[in-house]
Amino acid sequence: MIEQSDVVLSVHDEGENALRADCVLLEPDREISAWIRVGVPDLRIRDAGWEIYRLPGEKYAFGRIPELKGVKAYLNAGPELSAALVPLAGHPCRPLILECVRGVIQSDCFIFRELGYASEQDYDRGFAELYKNSCLSYSNADEWEPRERFFPRRKGVVFTRVISVLVEDEPDGYRLAVGFRDTHQQLNARLRTDRSGTVLDAEGNFTLYPDVLCTKTMALIKNLAGLRLAGMSKGKLGAIVGGPSGCDHLLSMLYRAGETLGSAIERDLRPSGFEPLSGDRENEQGRLPRI
């Protein structure tokens, strides 16, 4: 093993009509967290902050993010979030704040009545319209298998998500084991790359999914063969595995894999003559969550 990375996201019911989302990045040389507290039902941020426990060249630090107060942590709030996060451009907590927003979005089914939906079925229809054409499943909601959905009002932990990446060294490249597990879906991938981070082969599977349509998107992972995953921008990767025919969760998992693989190569192999991996990596400042 030469690199391991875990992103752990959890959303808690704090009472007093509030949810709190916490996200932690845990790696051998870094441990960083960020959190937001949002009101229910308006889903506007009441407070937000961050902590750095361990980071190369940095001491322990923490801070609040007053610019986020009043910003909505939900779908289609990208421009408002973008403006509020300008002061955090380049800060290591910024992507964790965006994960916290994703956590709130994924928790909405457990507070559907507070959000104005009369039933689980009413919520399903409303969210399907909001999220229409965002992925394969929501592009074909009329093909969903008949289902009864029950979202009991959770107390304590409302939503959990873990994205794990393990990079192992091999004689001619790297082997990656990647997992994405949360309250609604779970998927895994296994990849082999050469020394530059170019994918040689990839496979994966879903073990938990809202609808069988989701599982069909895993076939897209084969399209990574011959492409350099290490350092690949999220926009480029999204064109391969995301969009109306893909899956946002598959995209999130593979993008995290590419980041971790890129870090491993930069740390261990760049002195041997490999070029930097940052050339294709787009500025994440403008990328804001749909989910």
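In this text the structure is predicted, and so the values were computed from the model without any measurement.

Novice: Got a minute to help me understand the pattern of salt bridges in this structure?
Specialist: A side chain with one charge may pair with a side chain of the opposite charge, provided their charged atoms come close. For the structure on display, the rule yields 19 salt bridges. A salt bridge links Glu16 to Arg37; the nearest nitrogen and oxygen atoms lie 3.5 Å apart. With Glu16 in the loop between β1 (3-15) and β2 (18-27) and Arg37 in strand β3 (residues 30-39), this pair connects stretches of sequence that are 21 residues apart. Close ionic contact of Glu259 with Arg256 constitutes a salt bridge, the shortest N to O distance being 2.7 Å. Of this pair, Glu259 and Arg256 are both found in helix α7 (residues 248-268), three residues apart, which corresponds to roughly one turn of the helix. Glu259 sits in the partly exposed class, given a relative accessible area of 22%.

Novice: Help me understand the packing of helix α6 (residues 234-241) against α7 in this model?
Specialist: Geometry of a packed helix pair, given as the angle between the helix axes and the separation of the axes. At a minimum axis distance of 10 Å, the contact between α6 and α7 shows a crossing angle of 135°. In terms of orientation, α6 lies oblique with respect to α7. Every pair of crossing elements has a handedness; the one defined by α6 and α7 is right-handed. Contact residues: α6 offers Lys234, Leu237, Gly238 and Val241, while α7 offers Leu250, Leu251, Leu254 and Tyr255. Classifying every residue of the contact of α6 with α7 gives six nonpolar, one polar and one charged.

Novice: Could you clarify how one ought to interpret the sheet that holds strand β9 (residues 199-208) in this entry?
Specialist: What holds strands together in a sheet is hydrogen bonding between their backbones, with the strands either parallel or antiparallel. Taken in spatial order, the nine strands of this open sheet run β5-β4-β3-β2-β1-β6-β7-β8-β9, and their pairing is antiparallel. The open sheet has two edge strands with one neighbour each: β5 (61-64) and β9. Between one strand and the next, the sheet's axes are offset by a mean angle of 10°, whatever the strand orientation. Taken together, the four bridges between strand β4 (residues 45-54) and β5 define a ladder with antiparallel strand orientation.

Novice: I'm lost on unusual backbone geometry in this one. Help?
Specialist: Glycine aside, negative phi is the norm for most residues, and most peptide bonds take the trans geometry. A cis amide bond links Val40 with the next residue in sequence, Pro41, at an omega value of 15°. Along the polypeptide, Pro41 turns up in the loop between β3 and β4. For Glu16, which is not glycine, the phi dihedral falls at a positive 50°. A positive phi angle, near 65°, is found at Asn76, a position not held by glycine. Mapped onto the secondary structure, Asn76 falls in the loop between β5 and α1 (78-84).

Novice: In this structure, what is going on with the confidence of the model for the chain? I would like to understand it.
Specialist: For residues with low pLDDT, the predicted coordinates do not support detailed interpretation. Looking at the chain as a whole, the pLDDT averages 90, with 91% of positions reaching at least 70. Here residues 271-291 scores under 50 on pLDDT; set against residues more than four positions off or in separate chains, the count is 60 contacts.

Novice: Where do I start with the pairing of β1 in this structure?
Specialist: Successive residues of a regular strand alternate their side chains across the two faces of the sheet. The sheet contact formed by β1 and strand β6 (residues 157-170) spans 10 bridges and is antiparallel. For His12, the partnering residue across the bridge sits in β6 and is Val157. Bridge analysis of β1 against β2 gives nine bridges, and the strand direction is antiparallel. By the bridge assignment for β2, Val7 is matched with Leu25. Where β1 hands over to β2, the hairpin turn is made up of two residues, of which Glu16 adopts a positive phi near 50°.

Procedures and definitions
Residues numbered from 1 in each chain as written. Predicted model: local features only at pLDDT ≥ 70, side-chain atom pairs only at ≥ 80, totals over all residues. Heavy atoms only, no water. Salt bridge = Lys/Arg side-chain N within 4 Å of Asp/Glu carboxyl O. Helix = DSSP H or I, 4+ residues; strand = E, 2+ residues; numbered from the N terminus. Buried < 20%, exposed > 50% of the residue type's maximum accessible area, 1.4 Å probe, protein only. Axes fitted to C-alpha atoms, helices over the stretch in contact; angles between N-to-C directions. Parallel < 35°, antiparallel > 145°, perpendicular 65-115°, else oblique. Left-handed = near helix turned anticlockwise from the far one by under 90°. Contact = heavy atoms within 4.5 Å. Nonpolar A, V, L, I, M, F, W, Y, C, P; charged D, E, K, R; others polar. Pairing = 2+ DSSP bridges. pLDDT = per-residue confidence, 0-100.

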